[in-house]
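Survey of secondary and tertiary structure
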Amino acid sequence: MPSLKVVLHHKAYTDGSRALMLQLIYETLQGRKFCRRTICRIDPKYWSKTGNLKSAHPNFISLKQTISDAYNQAESRLLDLQRKKLPITAEGVFDEQRSQTGLLSAAHTYIERMRGRGSYHSAEKYLSHIHRMEQFMRGSDRRPVDIGLDEVTEEWV
């Protein structure tokens, strides 16, 4: 069962501050994996032994909100991956640039950029591949059903 928590890194920067990190622990075929993503840097005197930010910190409210937002976003992505029965990875949980763009619309945007650069032959070649993909992805109403880029997995391909 994957777990997520906020931890203070043991290594200090030259100014004495340490990294406050979001830690993900999950199981892989090779065993247990630990991945961390830095949220911010704080002075260790403002971090309690119980794993909470002390209210004596000068920016307590905004920093507490930043930590809470980062944790909630990662937890939401983790639960989303579990619900969809997708493999749990650090990229899937910590990736802030989750695409809301559809596969077909992204492909058409790429074709337009190629045409803008003058790569007409390659653009037409890729456009024929996109048309085949649209035929494959047609729904019951005979119109292509666009899926999100984050839904394109090895199994889907």
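The numbers attached to residues start from 1 for each chain and follow its sequence in the written order. This being a predicted model, a pLDDT of at least 70 is required before a residue's local features are given, and a value of 80 or more before pairs of side-chain atoms are given or counted; all residues contribute to the totals for chains, interfaces and linings. Only hydrogens and water are set aside when side-chain values are computed; all heavy atoms of the structure are taken into account.

Right, let's get into the pairing of strand β3 (residues 31–42). In this structure, strand β2 (residues 18–28) lies alongside β3, joined through 11 bridges in antiparallel fashion. Residue pairing for β3: Glu 27 is matched across the bridge by Arg 32. Any two strands with at least two DSSP-identified bridges between them are counted as paired. Numbering of helices and strands runs from the N terminus; a helix is a DSSP stretch of H or I covering at least four residues, while a strand is a stretch of E covering at least two. The hairpin turn running from β2 into β3, its antiparallel successor, is 2 residues long.

With that settled, the discussion passes to the state of the cysteines. Note that a disulfide, as used here, is simply two cysteine sulfur atoms within 2.5 Å. If you walk through the whole model with that rule in mind, you get 0 disulfides. We note that Cys 35 lacks a disulfide partner, and the nearest cysteine sulfur, in Cys 40, lies 19 Å from it. Under the scheme applied here, a residue whose accessible area is under 20% of the maximum for its type counts as buried, over 50% as exposed, and between as partly exposed, the area being computed with a 1.4 Å probe on protein chains only. By relative accessible area, Cys 35 is classed as buried at 17%. Looking at Cys 40, the relative accessible area reads 15%, which means it is buried.

The term salt bridge refers to a side-chain nitrogen of Lys or Arg lying within 4 Å of a carboxyl oxygen of Asp or Glu. Counting across every chain of the model gives 4 salt bridges. Ionic pairing is found between Asp 80 and Arg 83, a salt bridge with its closest N-O pair at 2.5 Å. With Asp 80 and Arg 83 both in helix α1 (residues 60–83) and 3 residues apart, this pair spans about one turn of that helix. Take Asp 80: its relative accessible area is 12%, and that puts it in the buried class.

Within a regular strand, the side chains alternate between the two sheet faces. As paired elements, strand β1 (residues 3–12) and β2 share 7 bridges and run antiparallel to each other. When the sheet's bridge partners are listed, Leu 8 is paired in β2 with Leu 20. The turn joining β1 and β2, which pair antiparallel and follow one another in sequence, is formed by 5 residues; a positive phi near 95° is taken by Gly 16.

Among the structural elements, Glu 124 can be located in helix α4 (residues 120–136). Along the primary structure Glu 124 and Leu 149 are separated by 25 residues, whereas in three dimensions their C-alpha atoms are 22 Å apart.

By nonpolar core we mean a set of buried residues, namely Ala, Val, Leu, Ile, Met, Phe, Trp, Tyr and Cys, connected to one another through side-chain atoms within 4.5 Å. Among the nonpolar cores identified, the biggest contains 24 residues, and Leu 20, Leu 22, Ile 42, Val 93 and Phe 94 are the most heavily contacted of them. Put simply, the parts of the chain that give this core at least two residues each are β1, β2, β3, α1 and α2 (90–94). In terms of residues, this core owes the most to one element, α1, which gives 6 residues. For this analysis, residues touch if any pair of their heavy atoms sits within 4.5 Å. The contact partners of Leu 22, leaving out residues within four places of it in the chain, are Leu 4, Lys 5, Val 6, Cys 35, Arg 36, Arg 37, Ile 39, Ala 70, Tyr 71, Ala 74 and Phe 94.

By themselves, these observations are geometric and do not establish any function.
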